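Secondary and tertiary structure notes
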Amino acid sequence: MKISKFKPAFSTPFTNDYTGVSKIAFTASLHKWLSLLVGVQLLIWLGTGLYFNLMDHEKASGNALREPVSVKRSFTDSELIPLNKLNTVSEVAPQKVELKWVLGSPYYHAISRQGEHSYQFRHSLLFNAITGEKAALTSQQVLEIAKLSYSGSSELSNPKLLQPPFSDYVAQQNPMWKVSANDNNNTSIYIDSVTGQVLKHVNDDARLKALMFKLHFMDYTNTGGFNHWLIICFAFVTLFLSGTGVTLLAKRYQRRIFSVKRDGNKQVISVILSHSHTPTPALVESEANLFNALADVGIELPSVCNGAGTCGKCKFFSENRLRVAPTERRLLSATELAEGVRLACQHKASEVTGVIDVSVTGFATKRQE
């Protein structure tokens, strides 16, 4: 059976009679970009998760050179001034008063406002528990506290009183003293500006761990936690991605681009490949989409959308006249349709009763088994 010479009139994938992107094409494009976004974050999760499993937790804590600071002395209650006799307690109107020790001396820490967590904004003052006078830490006291908390031999810098935000302690909302050590791991010591409590040691190992947590919890806006708007939005994006995936799968099934294979429902069709002028028999699933049916037997047609019906690349010429699908009216020119060119993704193999020529694509190949 002879097929006349066919000269395709190629056109752009979307011809002039196509006035807008179809809903299914838009959904496929949106699904692709959402998949890329979610896929990148998934790779980040995998990488950071691997880091958390392999890291040295003690080293990454930043406390390799940290020592506990405990300088307490014995005082009797009679030596401490009663709270109701603090000279300036009325300035604070405290909700809570704590007894703190700073370099062996007792102090009252009067807190007038405080969040649920210690790193949240707090308004408080320090009072000498012996005299009742308001007190404030000096840089010399801070340096002495830093030396007691640091077991390394490197020189410590002069303390600096810093205001939030902090790159090393993103969640902290209160001022802190910073003392830096001139060691190989760039250790920084952070001390509470009011109480003199050593809040944390941070070095390069701890900074790497903080970066991994930032990537893992998607804290790209530096909130210092994981319960933020970005990760909530990402959860909805992932849910929407699942929805578009189900929609595309349903559309493919509805348009017979996807079907469940059944054993024993096969047929032989004759295919002319790009490198041959004689028909080659191919045993294919008759109820399968022609694009997939040919691919299953190693005949691969060009496609950008992988048979989703949006690119218009999987062209073939059929000896028997086939119906014209709506997608083909959008993606093929009128000349091509009149000459019998169709898209393999839009037809079931059972529709083919004669010889089909896939050489019109110029790129169809027979996969080597």
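First, a word on scope: everything that follows refers to the structure included in this document. Just so it is clear, the model here is predicted, and its values are computed rather than measured. (Residues numbered from 1 in each chain as written. Predicted model: local features only at pLDDT ≥ 70, side-chain atom pairs only at ≥ 80, totals over all residues. Heavy atoms only, no water.)

**Here we look at helix 4 (residues 139-149)**
The criterion, for reference: Each residue is assigned to one of three classes by its accessible area relative to the maximum for its type, calculated with a 1.4 Å probe on protein chains only: buried under 20%, partly exposed between the two thresholds, exposed over 50%. Strands here mean DSSP runs of E at least two residues long; helices mean DSSP runs of H or I at least four residues long; both are numbered from the N terminus. In this context, the arc is that of the directions from the helix axis out to the C-beta atoms.
Within the sequence span of helix 4, burial applies to Val142, Leu143, Ile145, Ala146 and Ser149. Down the axis, helix 4 shows its buried residues gathered within 160 degrees of arc, on one side only.

**Description of the sheet that holds strand 8 (residues 198-202)**
As a reminder, the rule being used: At least two DSSP bridges between two strands are required for those strands to pair. Angles shown run from 0 to 180 degrees and are taken between the N-to-C directions of axes, each axis being a line fitted to C-alpha atoms and, for helices, limited to the stretch in contact.
Within the open sheet, the four strands sit side by side as 5-6-7-8. Their pairing is antiparallel. Across the chains shown, the open sheet's two edge strands, defined by having one partner strand only, are strand 5 (160-162) and strand 8. In this sheet, neighbouring strand axes are inclined to one another by 25 degrees on average, regardless of whether the strands run parallel or antiparallel. Examined bridge by bridge, strand 5 and strand 6 (residues 176-180) share three bridges and lie antiparallel to one another. When the bridges of strand 6 are listed, Leu162 appears paired with Met176.

**Some details on the pairing of strand 1 (residues 96-102)**
Pairing of strand 1 with strand 2 (residues 105-114) involves seven bridges; the strand directions are antiparallel. Note that in strand 2 the partner of Trp101 across the bridge is Pro106.

**Quick notes on the state of the cysteines**
For the record, the criterion: By convention in this document, the label disulfide applies to cysteine sulfur atom pairs within 2.5 Å.
In this structure the tally under the stated criterion is zero disulfides. For Cys345, which is in no disulfide, the shortest distance to another cysteine sulfur is to Cys314 and amounts to 3.7 Å.

**Re the pattern of salt bridges**
This is how the line gets drawn: By definition here, a salt bridge exists when the distance from a side-chain nitrogen of Lys or Arg to a carboxyl oxygen of Asp or Glu is within 4 Å.
What the rule picks out here adds up to nine salt bridges. The closest approach of N and O atoms between Arg207 and Asp204, which form a salt bridge, is 3.0 Å. Taken together, the residues Arg207 and Asp204, both in helix 5 (residues 204-216) and three residues apart, mark about one turn of the helix. Classification of Arg207 as partly exposed rests on a relative accessible area of 26%. Classification of Asp204 as partly exposed rests on a relative accessible area of 31%. For Lys266, the salt bridge identified is with Glu285, shortest N-O distance 2.9 Å.

**A short note on a nonpolar patch on the surface**
Here is the rule: Any residue with relative accessible area above 30% and no salt bridge may belong to a patch, with like charges joined within 9 Å and the nonpolar Val, Leu, Ile, Met, Phe, Trp and Tyr side chains within 5 Å. In short, Shrake-Rupley with a 1.4 Å probe defines the accessible areas, and a residue's cover is counted only from the protein chains shown.
On the surface, Trp33, Leu36 and Val40 cluster together into a nonpolar patch covering about 320 Å² of accessible area. The topology assignment puts Trp33 in helix 1 (residues 23-54).

**Re the nonpolar core**
Spelled out, the test is: Joining through side-chain atoms within 4.5 Å is the link that ties buried Ala, Val, Leu, Ile, Met, Phe, Trp, Tyr and Cys residues into a set, and such a set is a nonpolar core. Contacts: residue pairs with any heavy atoms within 4.5 Å of one another.
Ile269, Val271, Leu290, Leu294, Ile356 and Val358 are the most contacted members of the largest nonpolar core, which has 26 residues in total. Secondary-structure elements contributing two or more residues to this core are strand 9 (266-272), strand 10 (280-285), helix 7 (290-296) and strand 13 (341-343). Per-element tally for this core: the top contributor is helix 7, with four residues. When near neighbours in sequence (up to four residues on either side) are disregarded, Val271 contacts Thr278, Pro279, Thr280, Ala282, Leu294, Ile299, Ile356 and Val358. In this structure, Val102, Val179, Ile189 and Val198 belong to the second largest nonpolar core, which totals 17 residues.

**Focus on the packing of aromatic side chains**
Condition: Any pair of Phe, Tyr and Trp rings, taking the six-membered ring for Trp, is counted once the centres come within 6.5 Å. Such a pair is stacked with planes under 30 degrees apart, edge-to-face with planes over 60 apart, and tilted for the rest.
Per the counting criterion, the structure on display carries five aromatic pairs. Aromatic side chains Phe52 and Phe213 sit 4.6 Å apart centroid to centroid with 35 degrees between the ring planes, which places their arrangement in the tilted category. Placement of the pair is Phe52 in helix 1 and Phe213 in helix 5, with a sequence separation of 161 residues. Consider the rings of Phe217 and Phe226, whose centres lie 5.5 Å apart with planes at 35 degrees: the pair is tilted. On the basis of relative accessibility, which here comes to 28%, the residue Phe217 falls in the partly exposed class. Judged by its relative accessible area of 52%, Phe226 falls in the exposed class.

**Brief notes about the pairing of strand 3 (residues 122-128)**
In terms of burial, strand 3 is a largely internal element, five of the seven residues being buried. Where strand 2 meets strand 3, seven bridges bridge the pair, whose relative direction is antiparallel. Considered in strand 3, the bridge of Ile111 is made with Ser124. Summarising the sheet, strand 3 and strand 4 (residues 134-135) pair through two bridges and their orientation is antiparallel. Residue pairing in the sheet places Leu126 in a bridge with Ala135 of strand 4. Following strand 3, the chain reverses through five residues before pairing antiparallel with strand 4; Gly132 in that reversal takes a positive phi of roughly 85 degrees.

**Overview of unusual backbone geometry**
Glycine aside, a negative phi is what most residues show, and trans is what most peptide bonds show. Residue Pro165 follows Pro164 across a cis peptide bond; omega there is 10 degrees. Secondary-structure assignment places Pro165 in the loop between strand 5 and strand 6. Even without glycine at this site, Leu103 takes up a positive phi of about 50 degrees. Mapped onto the elements, Leu103 comes out in the loop between strand 1 and strand 2. One non-glycine residue, Asn186, lies in the positive phi region at around 50 degrees. Tracing the sequence through the fold places Asn186 in the loop between strand 6 and strand 7 (188-192). For Asn186, a relative accessible area of 41% gives the class partly exposed.

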